[in-house]
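# Coordinate analysis (summary)
Okay, here's what each chain looks like letter by letter:
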Amino acid sequence: MIADVLAETTTRMSRAVEAAKEDFSTVRTGRANPQLFQKVLVDYYGTPTPLAQLASLANQEARTLIITPYDKSALKAIEQAVRDMPNLGANPTNDGNLVRVSMPELTAERRKEYVKLVKTKAEDAKVHVRGIRRKAKDELDGLKSDLGEDEIARAEKELDALTRQHVDLIDDALKRKEAELLEV
């Protein structure tokens with residue numbers, strides 16, 4: 001029973017860490033990266049649709065990205081969705097066949113804002129991991145009547161180690177992203 005609770009907790013915490021890393025990838029650095037556009041939703045015939053389902057994305061240069069829609073009628077909607085994307089500062093242009101997105105050079109002030117944003121995302125991920133820990137601890141406390149207190153105490157120590165390990169993984173990803181953001 002304890003092993004099941006810990007295994008499920010490990011899986012959920014690992015997913016939280018992966019979600020945090022994915023969230024970090026949507027914060028732009030000095031380069032154009034197709035992952036920046038993962039969360040862009042395009043109003044396609046009244047339905048919010050992820051950009052990746054409507055078009056192919058390719059890097060042309062370091063700060064230019066080419067978006068080629070599968071359906072040319074979606075060009076205007078794609079261009080508008082990219083323009084409205086917060087924290088991107090991109091300038092899309094539409095030539096009738098594709099959308100060319102030019103990313104402006106990041107200023108030192110803007111880089112610091114992005115570092116703050118990433119730190120906030122990291123803290124949210126840590127809070128989520130701690131929430132998973134709390135739920136697992138409640139499940140373990142529910143097992144106290146069936147199992148001995150020593151076994152529960154050992155399981156709680158293991159749970160704390162798991163939590164520490166996953167929080168450290170988030171911190172490592174944060175450090176890498178912060179270094180990437182501050183790199184000129």
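Our structure's up above, just so we're on the same page.
Position numbers for residues start from 1 in each chain and track the written sequence from start to end. Given that the model is predicted, a residue must reach a pLDDT of at least 70 before its local features are reported, and side-chain atom pairs must reach 80 or more before they are shown or counted; all residues, however, enter totals for whole chains, interfaces and linings. Computation of side-chain values covers all heavy atoms of the structure but excludes hydrogens and water.

## Observations concerning the overall build of the chain
Strands are runs of DSSP state E lasting at least 2 residues, helices are runs of H or I lasting at least 4, and numbering of each runs from the N terminus. Within the chain one finds 5 helices and 6 strands. When the helices and strands of the chain are listed from N to C terminus, the series reads α-β-β-α-β-β-α-β-β-α-α. As a reference, a globule follows 2.2 Å times the number of residues to the power 0.38, and the radius of gyration itself is taken over C-alpha atoms. Its C-alpha atoms give the chain a radius of gyration of 21 Å, more than 25% over the compact-globule value 16 Å for 184 residues. Projected onto the principal axes, the alpha-carbon positions of the chain cover approximately 70 × 40 × 20 Å. Residue burial is assigned from relative accessible area. The probe radius is 1.4 Å, only protein chains are included, and a residue is buried under 20% of its type maximum, exposed over 50%, and partly exposed in between. Going through the 184 residues of the chain one by one, you find that 39% of them count as buried. Contact between two residues is taken to exist if any of their heavy atoms lie within 4.5 Å; hydrogens are not considered. Taking the contacts inside the chain whose residues are at least 6 apart along the sequence as the reference set, 62% of them involve residues at least 24 apart.

## Description of the sheet that holds strand E3 (residues 55–61)
At least two DSSP bridges between two strands are needed for those strands to be called paired. A sheet is described by the order of its strands in space; here 4 strands give the open sequence E3-E4-E6-E5, paired in antiparallel fashion. Since the sheet does not close on itself, it has two edges, and those belong to E3 and strand E5 (91–94), each with one partner. In this sheet, neighbouring strand axes are inclined to one another by 25° on average, regardless of whether the strands run parallel or antiparallel. Alignment of E5 against strand E6 (residues 99–102), held across 4 bridges, turns out to be antiparallel. Within E6, the residue paired with Asn-94 across the bridge is Val-99. Structural elements are reduced to axes, namely lines fitted to C-alpha atoms, with helices fitted over the stretch in contact, and the angle between N-to-C directions of any two is expressed from 0 to 180 degrees. Sheet strands in contact with helix H3 (residues 75–84) are E3, strand E4 (64–69), E5 and E6, and its direction is about 170° off that of E5.

## Observations regarding the pairing of strand E1 (residues 41–44)
A regular strand places its side chains so that they alternate between the two faces of the sheet. When E1 meets strand E2 (residues 47–50), the two strands line up antiparallel, connected through 4 bridges. In the strand pairing of E2, Tyr-44 is matched with Thr-47.

## Quick look at unusual backbone geometry
Non-glycine residue Tyr-45 carries a positive phi angle of around 55°. Along the chain, Tyr-45 falls in the loop between E1 and E2.

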